[in-house]
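Here are the chains, one letter per residue:
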Amino acid sequence: MLTIKNLHAAIDGKEILRGIDLEIKAGETHAIMGPNGSGKSTLSAVLAGNPLFTVTEGSATFNGKDLLAMSPEDRANEGLFLSFQYPVEIPGVSMTNFLRAAVNGKRKYRGEEPLSAGDFLKLMREKKKLVEIDSNLTNRAVNEGFSGGEKKKNEIFQMAMLEPTLRILDETDSGLDIDALRIVANGVTKLKNEQNATIVITHYQRLLDYIVPDFIHILYKGRIVMTGTKELALELEEKGYDWIKEKYQD
Amino acid sequence: MTLTGEKQHITIDRGQSETIVLTVADTNADLEITINGGAELNLILKQTTVNAKALTTNTTINCEANSRINISTINIEPRNIANTLIVNLNGEGAEATLNGLYVAGAGGAIENRTEIHHHAAHCTSTELYKGILDGNAVAKFAGLIQVAPGAQKTAARQTNRHLLLSPDAHGYAQPHLIINADDVKCSHGATSGQIDREQLFYMQQRGIDAATAQRLLVAAFANEVVALIPDEATRQELTALLSADV
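Since the model is a prediction, treat every value here as computed from it, not as a measurement.

About the criteria used
- Residues numbered from 1 in each chain as written.
- Chains lettered and ligands numbered in written order.
- Predicted model: local features only at pLDDT ≥ 70, side-chain atom pairs only at ≥ 80, totals over all residues.
- Heavy atoms only, no water.
- 1 Å grid on protein atoms, 1.4 Å probe; cavity = no way out; pocket = protein on both sides within 12 Å on 5 of 7 lines; lining within 4 Å.
- Points joined across faces, edges and corners; volume = space filled by probe spheres on them.
- Helix = DSSP H or I, 4+ residues; strand = E, 2+ residues; numbered from the N terminus.
- Phe/Tyr/Trp six-rings, centres within 6.5 Å; stacked < 30°, edge-to-face > 60°.
- Buried < 20%, exposed > 50% of the residue type's maximum accessible area, 1.4 Å probe, protein only.
- Lys NZ or Arg CZ within 6 Å of the ring centre and 35° of its normal.
- Expected span 1.5 Å × (residues − 1).
- Contact = heavy atoms within 4.5 Å.
- Buried area = accessible area lost by both parts, 1.4 Å probe.
- Salt bridge = Lys/Arg side-chain N within 4 Å of Asp/Glu carboxyl O.
- Polar contact = N/O pair within 3.5 Å; in protein donor to acceptor, adjacent residues only side chain to side chain.
- Nonpolar A, V, L, I, M, F, W, Y, C, P; charged D, E, K, R; others polar.
- Pairing = 2+ DSSP bridges.
- Axes fitted to C-alpha atoms, helices over the stretch in contact; angles between N-to-C directions.

(A) The arrangement of the layout of surface pockets in detail. In this structure, the largest pocket spans a volume of roughly 700 Å³. If you trace the largest pocket, you find 28 residues lining it, with Asn 50 and Leu 52 of chain A together with Arg 197, Glu 198 and Phe 201 of chain B closest to the centre. The set of elements that each furnish at least two residues to the lining of the largest pocket consists of helix H1 (40-48) of chain A together with helix H1 (197-205) of chain B. The element that contributes the greatest number of residues to the lining of the largest pocket is H1 of chain B, accounting for six residues.

What follows is the structure in structure tokens.
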């Protein structure tokens, strides 16, 4: 589904990603862990097409297409979804208008007719139930005044509405209490199927108790320095990141 | 009601409440309005330019005790418009709400000059002017709040915000407060900004193309003023216009 080769990226002339190689197949869940500042969030931002970052070298192929050549909206409409670490508030834009534009944006991209108002509201109702999101959140402006937990639940709700094939969760566990974490993780798990894949970016092992990865990659100084299975997360939890830092000092 | 160029007098009788929607198309306007004690006027002033080169509107509103004026000035695609709006709060307990929305594109120039004179005590004035500027549009907002000696317990707030959609668009704010009483609450704020890149990227990440995302953000910016307009038809008209195109 996604093949990343020798990916380098920079912000303000400073190189953050320094040669990432990663292969992700449908049905798989990959966790990317690493100490703060290792480039985890940068990787998700670059894949989603955040214009703040410049790709300086390498490639990323998504379902056979050159991901890096596409606009952020085309990447989304091809099936890439980023659950943001800090979802932005958009006062004055209602959740309903926002989601209708998103759902119909995708349909237009695929050459489909826009959803009727009735069908759209029905879809919202179904997905709200699926991810256990509070009904009144969808009557408000996008993320405006939402608590940290509500924002993360809203990301998963949007994921349910858009049914992406590649789901990137950037530090979805940060700022969540245990109940919110469970709801968010349940949503991600319920929406998992053989056609989609998941990248979980996290600093802590905790989230991986709920979203069990097939592979764990450790990112350090802009490179994947180690790949293993879920036992690697337990080892990190026990030993911290210092031994990685020592081992992979350049 | 459509205005011609001649001076118009409007008086709202004591205790009456009226809503007037004025369309000013391609003509200068000169209005003098008196709102008698306890009366209320909602005035919506919509200005459009089709052929005229330059237009001016002068409006003076005299508010007696416990009266209310709510005026919305709407300029969509102005070519060259200069508005002066003077509000005299003459009697105690009078309340003035001044809202403005202007959407100007290439070649557009719009100036809104407001003066609110607090002559009496216990009066309130609230002003919110927002402008959306594209191309090489130039907008100026000059707002004076003058509080006379003795106009104690005055509450006055003035806000002006410009959203610049192009590097060649210019928005100028000139707040001016003259306060001659010591027990008052007066404030003003002016901002000028662009489309928020983070908001834009967030929307694009959800599959909304950049142009649609920008349109939603522009409509959201304008909606703060639109929502305050006390006329359902005007609100609907503006909402449709803003969601269709800018």
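(B) Molecular detail of the packing of aromatic side chains. Taken as a whole and assessed by the stated rule, the structure comprises four aromatic pairs over all chains. Seen from their ring centres, Phe 84 of chain A and Phe 201 of chain B are 5.9 Å apart, and the 75° between their planes marks the pair as edge-to-face. In this pair, Phe 84 of chain A sits in the loop between strand E6 (80-83) and strand E7 (90-94) while Phe 201 of chain B sits in helix H1, so the two residues belong to two different chains. Taken as a pair, Phe 84 of chain A and Phe 201 of chain B share a single burial class, namely buried. Ring centres of Tyr 129 of chain B and Phe 141 of chain B lie 4.9 Å apart, and the angle between their planes is 35°; this geometry places the pair in the tilted category. In this pair, Tyr 129 of chain B is assigned in strand E10 (residues 124-133) and Phe 141 of chain B in strand E11 (residues 138-147), connecting sequence segments twelve residues apart. Owing to a relative accessible area of 2%, Tyr 129 of chain B belongs among the buried residues under this scheme. In textbook terms, an aromatic cluster arises when at least three aromatic residues are bridged by ring pairs, as seen for Phe 84 and Phe 98 of chain A together with Phe 201 and Tyr 202 of chain B. One Lys or Arg, Lys 239 of chain A, reaches over the ring of Trp 243 of chain A and ends 4.2 Å from the middle of that ring. Here Arg 206 of chain B stacks its cationic end above the ring of Tyr 202 of chain B, 4.8 Å away from the centre of that ring.

(C) Looking closely at helix H3 (residues 95-109) of chain A. With 15 residues, H3 of chain A extends 21 Å from end C-alpha to end C-alpha; this agrees with the ideal 21 Å at 1.5 Å per step. Taken from the residues just after H3 of chain A, Gly 111 of chain A is the one with a positive phi, measuring 75°.

(D) Structural detail: the interface of chain B and chain A. Taken residue by residue, the interface counts 15 residues in chain B and 29 residues in chain A. Surface buried jointly by chain B and chain A totals about 1,900 Å² across both partners, of which 67% is contributed by carbon and sulfur atoms. Among the residues of chain B in contact with chain A, Phe 201, Tyr 202 and Arg 206 of chain B are the three that bury the most area, contributing 40% of the side total. Counting every contact that joins chain B to chain A gives one salt bridge. Salt-bridge contacts for Arg 206 of chain B lead to Glu 155 of chain A; the nearest nitrogen and oxygen are separated by 2.6 Å. Seen at the junction of chain B and chain A, the total is twelve residue pairs in polar contact (both at pLDDT 80 or more). Among the elements that line the side of chain B that touches chain A, the one with the most residues is H1 of chain B, at seven residues. Looking at the side of chain B that touches chain A residue by residue, the classes come out as eight nonpolar, four polar and three charged.

(E) Seen up close, unusual backbone geometry. Backbone geometry at Glu 171 of chain A places phi at a positive 45°, although glycine is not the residue there. The class of Glu 171 of chain A is buried, set by a relative accessible area of 9%. In the Ramachandran plot, Asn 66 of chain B falls in the positive-phi region, its phi being about 55° despite a non-glycine side chain.

(F) Here's a closer look at the sheet that holds strand E6 (residues 68-76) of chain B. Residues and elements named next belong to chain B. Across the sheet, seven strands lie side by side as E2-E4-E6-E8-E10-E12-E14; this open sheet has parallel pairing. The open sheet has two edge strands, strand E2 (17-25) and strand E14 (185-194), and neither has a second partner. Strand after strand, the sheet turns through a mean of 5° between neighbouring axes, direction not considered. Of the pairings in the sheet, the one linking strand E12 (residues 155-164) to E14 comprises ten bridges and is parallel in character.

(G) Just the pairing of strand E9 (residues 109-118) of chain B, in detail. Residue and element names in this part refer to chain B. In terms of strand pairing, strand E7 (residues 80-89) meets E9 through ten bridges, oriented parallel. Across the sheet, Ala 82 pairs through a bridge with Glu 111, a residue of E9. Examined bridge by bridge, E9 and E11 share ten bridges and lie parallel to one another. Its bridge partner lying in E11, His 117 is registered against Gln 146.

(H) How the structure looks around the sheet that holds strand E4 (residues 54-62) of chain A. Residue and element names in this part refer to chain A. Taking strand neighbours across the sheet as the criterion, the four strands line up as E2-E1-E4-E5 in an open arrangement whose pairing is antiparallel. Both outer strands of the open sheet, strand E2 (14-24) and strand E5 (65-66), are each paired with one neighbouring strand and no more. Relative to E5, E4 runs antiparallel, the two being bridged by two bridges. Residue pairing across strands places Phe 62 opposite Lys 65, the latter belonging to E5. Set on the sheet, H1 makes contact with strand E1 (2-11), E2 and E4; between it and E1 the angle comes to about 105°.

(I) Local environment of H1 of chain B. Residues and elements named next belong to chain B. Most of H1 is tucked away, with seven of its nine residues classed as buried. Taken together, the buried positions of H1 are Gln 199, Leu 200, Phe 201, Tyr 202, Met 203, Gln 204 and Gln 205. Looking one or two places after H1, you find Gly 207, whose phi comes out positive at around 95°.

(J) Representation of the pairing of E11 of chain B within the structure. Residue and element names in this part refer to chain B. Burial within E11 is extensive, with seven of its ten residues counted as buried. Both E11 and strand E13 (residues 170-179) contribute to a ladder of ten bridges, which runs parallel. Residue pairing for E13: Val 147 is matched across the bridge by Ile 179.

(K) Looking closely at the pattern of salt bridges. All names here are of chain B. One pass over the structure, following the stated rule, counts 15 salt bridges over all chains. A salt bridge links Arg 68 to Glu 40, with the nearest nitrogen and oxygen atoms 2.1 Å apart. In this pair, Arg 68 sits in strand E6 while Glu 40 sits in strand E4 (residues 40-48), placing the two residues 28 residues apart along the sequence. Residue Arg 68 is classed as partly exposed on the basis of its relative accessible area, which comes to 27%. Given a relative accessible area of 23%, Glu 40 falls into the partly exposed group.

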